[in-house]
Amino acid sequence: MSAPRMFILLVLLTAKFAALSVAQGPAPNVVIVFADDQGYGDVGVYGAKEFRTPNLDRMASEGVRFTSFYVAAPVCTPSRAALLTGSHPVRVGLGNRVLFPYSTTGLHPNEVTVAEILRSRGYATGIVGKWHLGHHTKFLPTRQGFDTYFGIPYSNDMGNHRYARENFVAPPLPILRDEEIIEQQPDQTQLTRRYTEEAIRFIRDNKDRPFFLYLPHSMPHWPLAASERFAGHSKLGIYGDAIEELDWSVGEILKTLGELGIDRRTLVIFTSDNGATLAPWQRRGYRPGSNGPLRAGKNTTWEGGMRVPAIMRWPGRIPAGLVQDELATAMDILPTIAKLTGAEAPRGRILDGKNIWPLMSGEAGARTPHEAFHYYRDERLQAVRSGPWKLHVYRPEWGDGAGDHQALLFNLDEDIGENVDVAGANADVVTRLLALAEKAREDLGDAATGRQGRNVRPVGRL
Ligand code: MG
């Protein structure tokens, strides 16, 4: 072989190996901690004042913290469907409300979850906590890629609840181990502690092989509870106590990874399924959480409902103390993990998530991969964001006369609280965002304008 050809071959080989180590490296373990209804302002580093979250704060100082991270829906079920499938909840048929103990639907068995793609790569896969994607056996986590399951199948307020409209009384809140009910109406003060012990056992059992742990905590969702060690500890009352215990849980996970010497090959992600609940807490006599400077909270498409804290840590791969302001979503987690682990993303279907590793790793000049983000509630398209601009095209309070209302435009860079409507002065922006809304209606449908989506997939049915 001539010298120039040999040189070219060497360059190609070097490039190939370099590409491998950047794109794949050693495939990391993945831990996703998902809080339930913890608001944007409910972490110390995001501005919480009346309780402390030293472990989450430390996690942020050792990794990346996102300031424009969105879940795909402002309530539990659709938000979780999106996280686990990388697809919009309306696309997978779970955009409407949440699942209840009387529901006969669930995440379709043909949907491919993060657990399934990682299991295909030889990962041990475990879930500890709240599922809420269908409580009938065919919808359980063990049928969606998880080797093991310990937790509750829906929200912690649904046990023994009477649903007047459906004339249905729910059974006692079950705790499942894999597919068996092993307990009913558990003492909720012990849930966070028990989930944490289960999670740590899973990590220890699987320390010598790649693992995926999904830890969707039940707190701080109503009814709030904390164990003896935390109850009465924070200045905010039981809501703050419950979050301090969640923070302890995160600390125990990080400590375990450190003790086992695997924290440099483990990606840990912390986020929340939707914003903090505001008004209902006041009715119940509790002090609510906080969505920081964001408007409103859970159940709404104002920023407080869908923009959530998101912290990601992977020592040696994610730079310490990075603050990422670019827009990212929970739907991006599946495609990103697929990229990082060499797993194959689900084929033959539309995924809404994109690889956000460039944002997580602080790549110079990296920009959000999303031209637009769509805010849906109950299959109604309510708002669209593109760049700093957010256009509300439907507000529930407008009612049936929505067509008579002018869309509201906010510049989130200048007005994060969505206070000043600037639609009048930015007609060109309104036109551009209306076109993006129209694209979403064609694709996903929109109950507010009576549109059927072209690219929606069926919900799972009994
Ligand atoms: Mg929730």
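Definitions and cut-offs
Residues numbered from 1 in each chain as written. Predicted model: local features only at pLDDT ≥ 70, side-chain atom pairs only at ≥ 80, totals over all residues. Heavy atoms only, no water. Helix = DSSP H or I, 4+ residues; strand = E, 2+ residues; numbered from the N terminus. Rg over C-alpha atoms; globule rule 2.2 N^0.38 Å. Buried < 20%, exposed > 50% of the residue type's maximum accessible area, 1.4 Å probe, protein only. Areas by Shrake-Rupley, 256 points an atom, 1.4 Å probe, with all protein chains shown as cover. Lys, Arg positive; Asp, Glu negative; His and termini not counted. Charge placed at Lys NZ, Arg CZ, Asp CG, Glu CD. pLDDT = per-residue confidence, 0-100. Contact = heavy atoms within 4.5 Å. Expected span 1.5 Å × (residues − 1). Salt bridge = Lys/Arg side-chain N within 4 Å of Asp/Glu carboxyl O. Donors = N, O, S within 2.8 Å, 3.2 Å for Na, K, Ca; no water. Tetrahedral: all angles 85-135°; square planar, octahedral: opposite > 155°, others 65-115°. Pairing = 2+ DSSP bridges. Axes fitted to C-alpha atoms, helices over the stretch in contact; angles between N-to-C directions. Phe/Tyr/Trp six-rings, centres within 6.5 Å; stacked < 30°, edge-to-face > 60°. Lys NZ or Arg CZ within 6 Å of the ring centre and 35° of its normal.

Trainee: In this structure, what is going on with the overall build of the chain? I would like to understand it.
Mentor: The helix and strand inventory of the chain stands at 11 helices and 22 strands. The C-alpha atoms of the chain give a radius of gyration of 22 Å, which matches the 23 Å a tight globule of 462 residues would have. Its C-alpha atoms give the chain principal-axis dimensions of about 80 × 55 × 45 Å. Looking at the chain residue by residue over its 462 residues, the buried ones come to 58%. Only carbon and sulfur atoms are counted for the fraction: they give 51% of the accessible area of the chain, which is about 18,600 Å². Taking the 53 positively charged and 52 negatively charged side chains of the chain as two groups, their mean positions are separated by 4 Å.

Trainee: Is there a simple way to explain the confidence of the model for the chain in this structure?
Mentor: Parts of the prediction with low pLDDT should not have their coordinates interpreted in detail. In this model, the chain carries a mean pLDDT of 94, and residues with pLDDT of at least 70 account for 93%. Ignoring residues within four places in sequence, the model shows residues 6-24, a span with pLDDT below 50, making 10 contacts including any to other chains.

Trainee: Even after reading the chapter, I still don't get helix α6 (residues 238-259), so can you show me in this structure?
Mentor: One turn of the α-helix equals 3.6 residues, which is why residues spaced by three or four share an orientation. Between its first and last C-alpha atoms α6 spans 31 Å; for 22 residues at 1.5 Å apiece the expected length is 32 Å, and the two agree. Across the 22 residues of α6, 19 count as buried, placing the element largely inside the fold.

Trainee: Honestly, the pattern of salt bridges in this entry has me stumped. Any pointers?
Mentor: For side chains of opposite charge, pairing can occur when their charged atoms come near one another. All chains considered together, the criterion is met by 33 salt bridges. Residues Glu62 and Arg313 are paired through a salt bridge, measuring 2.7 Å at the closest nitrogen-oxygen approach. Remark: Arg313 occurs in strand β13 (residues 310-313) and Glu62 occurs in the loop between α2 (54-61) and β2 (64-66); sequence separation between them is 251 residues. Overall, the relative accessible area of 25% leaves Glu62 in the partly exposed class. Looking at Arg313, the relative accessible area reads 4%, which means it is buried. Close ionic contact of Glu198 with Arg177 constitutes a salt bridge, the shortest N to O distance being 2.8 Å. Remark: Arg177 occurs in strand β9 (residues 174-177) and Glu198 occurs in helix α5 (residues 191-205); sequence separation between them is 21 residues. Judged by relative accessible area, which is 13%, Glu198 ranks as buried. Sharing partners across several salt bridges, the network here consists of Asp36, Arg80, Lys130 and Asp273.

Trainee: How should I be thinking about the coordination of the magnesium ion in this particular structure?
Mentor: A four-donor tetrahedral metal ideally has 109.5 degree angles, and a six-donor octahedral metal ideally has angles of 90 or 180 degrees. Binding of the magnesium ion to the protein goes through Asp36 (OD), Asp37 (OD), Cys76 (SG), Asp273 (OD), Asp273 (OD) and Asn274 (OD1), at separations of 2.1 to 2.7 Å. Note that the magnesium ion binds six donor atoms; their angles at the metal cover 53 to 157°, and the shape is irregular. Written as a sequence motif, the donor arrangement for the magnesium ion is D-D-x38-C-x196-D-N. Here Cys76 lies in helix α3 (residues 76-85) and Asp37 lies in the loop between β1 (29-35) and α2, a separation of 39 residues in the sequence. The class for Asp37 is buried, based on a relative accessible area of 2%.

Trainee: What is the right way to read the sheet that holds strand β18 (residues 389-392) from this model?
Mentor: Strand pairing in a sheet is mediated by backbone hydrogen bonds. Such pairs are either parallel or antiparallel. An order of β16-β17-β18-β19 is seen for the four strands of this open sheet, with the pairing classed as antiparallel. Edge strands, defined here as strands with exactly one partner in the open sheet, are β16 (373-377) and β19 (408-411). Within the sheet, the average angular offset between the axes of one strand and its neighbour, ignoring direction, is 20°. Relative to β19, β18 is paired through four bridges, and the arrangement is antiparallel. Its bridge partner being in β19, Lys390 is matched across the sheet by Phe410. Across the sheet, helix α11 (residues 427-444) is in contact with β16, β17 (380-386), β18 and β19; its angle to β17 comes to roughly 130°.

Trainee: What is the right way to read the sheet that holds β1 from this model?
Mentor: Taken in spatial order, the 10 strands line up as β10-β9-β6-β5-β11-β1-β12-β13-β2-β14 in an open sheet, and their pairing is mixed. What marks the edges here is a single partner per strand, and that holds for β10 (180-184) and β14 (322-324). Ignoring which end each strand starts from, the neighbouring axes of this sheet average 15° apart. Sheet strands in contact with α3 are β1 and β11 (211-216), and its direction is about 170° off that of β1.

Trainee: It is not clear to me how the packing of aromatic side chains should be interpreted in this structure. Could you clarify?
Mentor: Aromatic ring pairs are reported here in terms of the distance separating the ring centres and the angle at which the planes meet. One pass over the full model with this rule turns up 19 aromatic pairs. Their ring planes at 25° and their centres at 6.1 Å tell us that Phe146 and Tyr214 sit as a pair that is stacked. Pair noted here: Phe146 is in the loop between β5 (124-128) and β6 (148-151) and Tyr214 is in strand β11, with a separation of 68 residues, a long-range link. You'll find Phe146 and Tyr214 in the same group, each marked buried. Taken together, Phe34, Trp131, Phe146, Phe212 and Tyr214 form an aromatic cluster joined through their ring pairs. The ring of Trp302 has Arg295 lying over it, and the distance from NZ or CZ to the ring centre is 3.6 Å. The aromatic ring of Trp314 is capped on one face by Arg317, whose charged end is 4.7 Å from the ring centroid.

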